[in-house]
Structures are given as C-alpha cells and as structure tokens.
Amino acid sequence: MYQYNDTDQTLIEQRVAQFRRQTESFLKGEISDDQFRALRLMNGLYIQTHAPMLRIAGPYGLLNAKQIRKLAHIARTYDKNYCHFTTRQNIQFNWPQLERVPDILEELAEVQMHAIQTSGNCLRNTSTDHLAGVCIDEIEDPRPYCEIIRQWTTLHPEFAYLPRKFKIAVSGAKHDRAATQFHDIGLHLVKNDAGETGFRVLVGGGLGRTPIIGQVIKPYLEKKHLLSYLEAILRIYNLFGRRDNKYKARIKILVKESGMEKFSELVEKEWLLIRDDLELAPDRIEAIKAQFAPPAYETDAAQDTSFAQQQLENKAFATWVKHNTADHKVPGYRAAFISLKAPDSPPGDMTDTQLDAVADLADQYSFGELRSTHRQNLILADVKQADLFALWQQLDALKLATPNIGTATDMICCPGLDFCSLANAGSIGIAKEINEALDDMDYLHDIGDVKINMSGCMNGCAHQSVGHIGILGVDKKGVEWYQLTLGGSSENEAAIGERLGPAVAKDQVTQAITTILDVYIKQRLEDESFLDMVKRVGINPFKEQVYADN
Amino acid sequence: MQIIKDKQIVDDSWSYIADDAELKDGDISVSLARWKKDKQQLLKSNGKIGVRIGPADSLEDIAADLKDIQLIELDFPAFADGRMFSHAWLLRGRYNYQGEIRATGHFVRDQVFYLSRVGVNAFSLEKTEDLPVALSNLNDFSVNYQKSIR
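Because the structure is a prediction, the values reported are computed rather than measured. (Residues numbered from 1 in each chain as written. Chains lettered and ligands numbered in written order. Predicted model: local features only at pLDDT ≥ 70, side-chain atom pairs only at ≥ 80, totals over all residues.)

1. A few points about the overall build of chain B
Item 1. From N to C terminus, chain B includes 4 helices and 8 strands.
Item 2. Counting from the amino terminus, chain B carries its helices and strands in the arrangement β-β-β-β-α-β-β-α-β-α-β-α.
Item 3. Its C-alpha radius of gyration of 15 Å places chain B within 12% of the 15 Å reference for a compact globule of 150 residues.
Item 4. The principal-axis extents of the C-alpha atoms in chain B amount to approximately 45 × 35 × 25 Å.
Item 5. Across the 150 residues that make up chain B, the buried fraction comes to 39%.
Item 6. Sequence separation of 24 or more characterises 52% of the internal contacts of chain B that already satisfy a separation of 6 or more. (Helix = DSSP H or I, 4+ residues; strand = E, 2+ residues; numbered from the N terminus. Rg over C-alpha atoms; globule rule 2.2 N^0.38 Å. Buried ≥ 20, exposed ≤ 12 C-beta atoms within 10 Å, placed from the backbone. Contact = placed C-beta atoms within 7 Å.)

2. Regarding the overall build of chain A
Item 1. When helices and strands are counted, chain A shows 18 helices and 21 strands.
Item 2. Here the C-alpha radius of gyration of chain A, 23 Å, is about what a compact globule of 550 residues would show, namely 24 Å.
Item 3. Dimensions along the principal axes, computed over C-alpha positions, put chain A at roughly 60 × 60 × 55 Å.
Item 4. Across the 550 residues that make up chain A, the buried fraction comes to 54%.
Item 5. Restricting the contact set of chain A to residue pairs at least 6 apart, pairs at least 24 apart contribute 67%.

3. Digging into the confidence of the model for chain B
Item 1. Model confidence for chain B is summarised by a mean pLDDT of 96, while 100% of its residues fall at 70 or above.
Item 2. For this predicted complex, the interface confidence comes out at an ipTM of 0.98, alongside a pTM of 0.96. (pLDDT = per-residue confidence, 0-100.)

4. Section: the environment of A:Asn324
Residues and elements named next belong to chain A.
Item 1. Here Asn324 is to be found in helix H11 (residues 315–324).
Item 2. Sequence separation between Asn324 and Ile338 is 14 residues, and the spatial gap between their C-alpha atoms is 7.4 Å.
Item 3. Those residues in contact with Asn324 that sit more than four places away from it in its chain are Ala336, Phe337, Ser339, Ala401, Pro403 and Ile405.

5. Brief notes about the environment of A:Pro346
Item 1. Mapping A:Pro346 onto the fold places it in the loop between strand E12 (333–338) and strand E13 (349–351).
Item 2. With 22 C-beta atoms packed within 10 Å, A:Pro346 lands in the buried category.

6. Digging into unusual backbone geometry
All names here are of chain A.
Item 1. Backbone geometry places Asn81, a non-glycine residue, at a positive phi of 65°.
Item 2. Mapped onto the secondary structure, Asn81 falls in the loop between helix H3 (65–78) and strand E4 (82–85).
Item 3. With 15 C-beta atoms counted inside 10 Å, the residue Asn81 sits in the partly exposed group.
Item 4. Although it is not a glycine, Leu155 adopts a positive phi angle of roughly 55°.
Item 5. Relative to the assigned elements, Leu155 resides in the loop between helix H5 (143–153) and strand E7 (168–171).
Item 6. Residue Leu155 is classed as buried on the basis of its 27 C-beta neighbours within 10 Å.

7. Some thoughts on H5(A)
All names here are of chain A.
Item 1. Burial runs high along H5: 11 of the 11 residues are buried.
Item 2. Taken together, the buried positions of H5 are Arg143, Pro144, Tyr145, Cys146, Glu147, Ile148, Ile149, Arg150, Gln151, Trp152 and Thr153.
Item 3. Lining the buried residues of H5 we find strand E6 (127–128), E7, helix H6 (226–240) and helix H9 (282–290).
Item 4. Leu155 lies just past H5 and shows a positive phi near 55°.

8. Some words on the UniProt feature "domain: Nitrite/sulphite reductase 4Fe-4S" (unreviewed entry) in chain A
Residues and elements named next belong to chain A.
Item 1. As recorded in UniProt, the feature "domain: Nitrite/sulphite reductase 4Fe-4S" (unreviewed entry) lies at residues 119–271 and 411–546.
Item 2. Counted over residues 119–271, helix gives 30% and strand 18%. Its end C-alpha atoms are 27 Å apart.
Item 3. This span, residues 411–546, is 35% helix and 19% strand, and a straight line between its end C-alpha atoms measures 20 Å. (UniProt positions renumbered as here; feature names shortened; annotations may be inferred.)

9. Observations concerning the interface of chain B and chain A
Item 1. Taken together, the contacts link 23 residues of chain B with 25 residues of chain A.
Item 2. Breaking the side of chain B that touches chain A down by element, the ones donating at least two residues are helix H2 (83–94) and helix H3 (112–117) of chain B.
Item 3. The biggest single contributor to the side of chain B that touches chain A is H2(B), with 5 residues.
Item 4. Split into classes, the residues belonging to the side of chain B that touches chain A amount to 10 nonpolar, 6 polar and 7 charged. (Nonpolar A, V, L, I, M, F, W, Y, C, P; charged D, E, K, R; others polar.)

10. Some thoughts on the sheet that holds strand E8 (residues 122–123) of chain B
Residue and element names in this part refer to chain B.
Item 1. Read from one edge of the open sheet, 8 strands run E2-E1-E8-E7-E6-E5-E4-E3, paired in mixed fashion. Of all strands in the sheet, those with a lone pairing partner are strand E2 (8–11) and strand E3 (15–16), marking the two edges.
Item 2. In this structure, E3 lies alongside strand E4 (residues 28–31), joined through 2 bridges in parallel fashion. When the bridges of E4 are listed, Tyr16 appears paired with Ser29.
Item 3. Lying on the sheet, helix H1 (residues 32–43) is in contact with E4 and strand E5 (49–53); it crosses E4 at an angle near 130°.
Item 4. Contacts from H2 reach E5, strand E6 (71–76) and strand E7 (100–105), with the element oriented near 165° to E6. (Pairing = 2+ DSSP bridges. Axes fitted to C-alpha atoms, helices over the stretch in contact; angles between N-to-C directions.)

11. Details of the packing of helix H7 (residues 251–258) of chain A against helix H8 (residues 260–274) of chain A
Residue and element names in this part refer to chain A.
Item 1. Contact geometry of H7 with H8 gives a least axis separation of 6 Å together with a crossing angle of 110°. Comparing the axis directions of H7 and H8 gives the class roughly perpendicular. Contacts between H7 and H8 involve Leu254, Val255 and Ser258 on the former and, on the latter, Met260, Lys262 and Phe263.
Item 2. When its residues are assigned to classes, the contact of H7 with H8 shows 4 nonpolar, 1 polar and 1 charged. (Parallel < 35°, antiparallel > 145°, perpendicular 65-115°, else oblique.)

12. Remarks on helix H16 (residues 509–523) of chain A
Residues and elements named next belong to chain A.
Item 1. Along its 15 residues, H16 runs 21 Å from first to last C-alpha, staying within 8% of the 21 Å computed at 1.5 Å per residue.
Item 2. Where H16 is concerned, the buried positions are Val509, Ala512, Ile513, Ile516, Leu517, Val519 and Tyr520. Down the axis of H16, the smallest arc covering the buried residues is 150°, so these residues share one side. Exposed side chains of H16 directed beyond 90 degrees from the buried face belong to Ile521 and Lys522. (Expected span 1.5 Å × (residues − 1). Arc of directions from axis to C-beta.)

13. Description of the sheet that holds strand E2 (residues 52–56) of chain A
Residues and elements named next belong to chain A.
Item 1. Reading across the sheet, the 5 strands line up as E1-E2-E5-E4-E13 and stay open at both edges, with antiparallel pairing between neighbours. Lying at the two open borders of the sheet, with one neighbouring strand each, are strand E1 (45–47) and E13. Each strand axis lies, on average, 30° off the axis of its neighbour in the sheet, ignoring direction.
Item 2. Here 3 bridges tie E1 to E2, and the two strands are oriented antiparallel to one another. Its bridge partner lying in E2, Tyr46 is registered against Met53.

14. Observations regarding the nonpolar core
Item 1. Membership of the largest hydrophobic core comes to 154 residues, with the highest contact counts inside it found for A:Ile68, A:Ile233 and B:Ala88.
Item 2. Each of domain 1 (6–110) and domain 2 (137–290) of chain A contributes no fewer than three residues to this core.
Item 3. Non-local contacts of A:Ile233, meaning those with residues more than four positions away in its chain, are made with A:Ile185, A:Val203 and A:Val267.
Item 4. Grouped together as the second largest cluster of nonpolar side chains are 43 residues, A:Ala462, A:Leu484, A:Ala512 and A:Val534 included. (Core = buried A, V, L, I, M, F, W, Y, C linked by C-beta atoms within 7 Å. Domains from an automatic or database assignment.)

See the structure below:
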C-alpha cells in the first residue's frame, strides 16, 4: 500500500490549514454562502437535511488498520458512532458539526487521509477493482496507476473549476468490476499485439439523469503517456464543456453533442502538443509499483486441510465461503468479503465498534489492509484459507458475515430522503423491507446473482440505471413513487436498464420485487442467471405479473 | 488603486476603456472586440496596450498579436468559471506569452494560488482591503504534484 512521503504529508497538512482558514472566514461572515459552498465542496463537505455531511477519500478503496481505527474514533468523537461506505469507495459521516470539520481533517491527516476533491466540480477520487492485485483474471495491477492519477488530480491548478464533477476509474482485469464504462474516463489495462501493457481509454460514460455507456477514444495508449492524455481530455473539457446548464455539463454531453469523431480530433491535437513534455519516466512508474509489491504470502498455505474439513462439517461456514469469498491468485489464499448488508442495518453503514474490530481482523488475518467495494462492502483481500473459519466466526459475532454477497439483498442504496437534501424519496426503509421479505437464505441463494440498486432521486448515486433491478424514487405531488427498471449492468456487457412500466407506490415496491424474482424462478432455464433471462425474454413476462392486479 | 503584481502590492498604472468610451493616453486595456476593431489606432497610442478577455473568447483570435500586447486581463464573470485557468495556461505554455497576465472581476482570493500556478502574475481584487490576505494565499501550499507553469 502506498505510504506518504514528506511532500504528500506536507500537502495534506497545508490543505487542512487552508480549510481551517476558509471555515473561520465563513463563520465570521467574510465570505458568502456561495463562495464557501464551492470551497467546502472541494473538501467533501455538503450541507444536508439534518447536518453537514463529510465525505472522506478512500483512495481507490484501499485502507489500512490504523486508518480504520481513526474512522472509528471520528465516528465516536464527532458523529453518532457510525459511518457509511459509498459506491465510489469513499467514506461518509452524516452528523459532524461544521465548526469541528477542520479538527476532523487534522485527525485524518495524521493517518494519511483527507477529504480533498471528494465533491464539487473537480477531479474526484479515482476508483478501481476491489480485487486489484489479488484476482485471478488480472492483466496488471491497476493500483500504481490509480496512485499516479491520485497525485496528478490532487490540487490540479488548472482543473479545479470544471463544468461539472469528473470521475476516473481504472480496471486491470478481464472482468470489469470497476464500472469503467460508466465513468467520465474509464481506463482498462490491456495488452497490445507486441505483448506490452497499456491503456484502452474510454470517455463520456456516466450515470445520473442521462446514463450513457462510455466510448473508446484510444484503443491503446502507452503507459508513459497516461498523464498527458488525461490532461488533453481535461483541457478540452474545461474549455468546451457546457456551463450554461448543470444537467448538460458532464463530459458525456460534450462528447455526445460534438460527436466522438470531432471530440477525439480535438483531444488528439491537444495531446500531440503536450505529450513529450509530460511523459511518465519509467523509474517513476517502477517506484510507485514497488509500493504495491505483494505481501509476504506463505508458500505452503495450500497445504492446509482444515479448510475443506470445516466446510464439510459446518454448513453455515460453507455457505459463507461460497458466497462471501473470492478466488485469489496465490494458492491457499482467498479474498473475504465483509458484508455491510445485514438485514437490520442500512446498506453500507458500519459502527465504531465494528470498525475497530475489523481493524484488528485486518491486522490478524490480512496484512493490516482492508478495501471497500463499489457495492458498499469491505474486503480482507489476503486471507489464508486456514484462517477463514476463525475469521468467519468473528465476523459472524460482529453481524458482518451475512452470506449475501452478490445476491438480491446485497443492494446498493443511497442515503435517500432520510439524510440527503436532494432526495425525492426514501431508500433505506425500502431496502430494509426487501431484506425482510427475502430473509429465507436458501431462497436467496437459489435466486443467485441479482444486483438491486436503489436511488432516492434522479441523480442516481446508487447507480439504479445499471442495476439488474433498478429502483428509482420519484416525487409525484408530494408522494413517494418508485420506477423500476430491469436488465442494467455495469460490468463487461454494460447495459442501461429498461423501464418496467408506471411507477409503483411505496407500499407496493417490495411486492413488485418479490414478484419479479418469482417470475425468474418459474421461467428461468437451467443455470440461467437473472440477467441472462431478462436478456432472453425481455421485460414483458415480468411486467405482466407486476401489474397484474392493477 | 492597488493590485498584486509579481508577489507585491503595487499601484496600478492601467485604465480599462469601455467599448463605447474614447481612447486616451497612458496604459490602457480594451476588450478583445475593441482590439480587433481599433487595432491600428491602438498600436499608435503612446502608452502600453492591454486586452481584456472573457472565458468564451478564443485565444487563437489574438495569438498573432501577443507581441504587441503588454497585458492580458482574464476577466472572471463568475469565480467558478474554470476556463480562465486554461486560458492562462495556454497563454504561457502554448503561446509563450511573457507579458502581464492579470486576474480581474469576480474571482476569489482562495483561487490565487492555483491562478499563479497556471501563469497569472497579477491580481486585481474586488476589495483592496483583501490584498494582504490574498498575498499570503499565494503561499497556501509549498508543494505540488503536477507540472504546470510554476
């Protein structure tokens, strides 16, 4: 994991000092609401329904035990004993006091964390595959490039006031687990004909009000040109992106309105002029790569026989292993998911006690590191198979072992009307209801891989348009209604969900979801996943049943 | 009126001439439209010449004239209009402009650090009492990650 040098540390400390001055200025009335808004947003601070919300960066989802303990401490000291993990691998606190935010940032800086550019119309936290560096289908570990991009984006002087927010995701594996096709820029590590690794660059993808799948702008970019190419795209966007209407200000609209051919011509022209000046030196790449060197894996981890035995003897453990762990490139190791989707807890939330305990588990079983996923769970990425049983028991005691990763109750869910000032409708309550309706684990596991994403408004923070089942809260004359979509996906075969029909009332949502799943159970072919069935039969069979009584 | 120039608070010698006002002696700046229209007359004036540009203006329109222009004013209509940052970078990094680049209009003092990094070397603030603080804001950070102008 990347460790800060003096430059990194100085920079975040100076950023804390700057934000402290800005906050004091605002509290003294020296700067306007509007000016402070732009300044605080660039430091992750929103004003929400009840209190400010502070979003802290989880650089490409990677955290160490010390940082997790610090989050627990902040939850205890400055918040109501919990925090929330987001779809872009960040961490949110919902109840800090504005006056104390500079103190929180100072505490974070002690453990190499910050809230820089986690909101606002600027370059945001770069996200990546939660299985980076350990998965079995990887072309190259994307994290060193994420770190290079993190540094480049941090306090970039030219691109701090973009037309709209800008998100970059990097994937290094064959299977896209980072939703790169739905980012402003998506980067895929690929091999060219000569066997060298570089980037396939996508641009103009995005979710929100106008979901669009990103298009390839550069099929193969040499690594040394990574930053010059990003800079060229950003300069063109900064100069020509629309600023007259915030709903048309994302780069996807610029690409759409100018056409890919014209847009890529502008980028190419700009890039050729700056390319040589911004080349990444091979030793710089190597130095960053060295910080992501594999940990000291035990070479005989696969010799263990207890793991197989324990699965035979304990069905609940075997179920957890099947659903909540993933294959690891090193024999004898697995990646273990920590489910933040327990039935009685809001999706993605974690208490201070759980955070502290998980930090200890990371130290004990996974080289002191932890990752957050874009589906709002956590992962201990490097667990020996012999340790999994003990880990499972401890996670179970913490209510963090619900064996539902990848199932219908592993929902992505935004904070909704309960917290967010933008929301039109509640989401946490509905997630709870769906969870209760699907409490039969055997049924849930029989349904298998179904991704349900639910947002409380059009802004789509929970990526409902790419959910296998999407739920979107809308407001109709002061009443909460929910639009359903089917067939979306953010993975390799990216697709935007198709609307099922008219919005359903709040008390009908759970019924509609269970009906959809029943239709699947009854009409699926052998081994056919939910998404595959929707692709095969379309939405009509589902529609007929959901609206049958209306 | 005082401004910040090259990290010092100094008296300003320039006057901006509105498009419908008469040209006058001394160091004057005009809009890009006026420059295009009255270029020959302006080149004969006895003072130095500046051109004020807005975010939507294209620098290509003025690139060939930069040798005759001693001041470019980047006039912010709103502080969040980030095009000005790219204009400054392009003036220095692409067109190798050596004259004064001054931020004017509705920018805020918290932006002077970034502006200085992309090549702006003078700042005319809405409130002159903010000048000392803005001067200190130029040193908000002693480190940075990216190659830019400074």
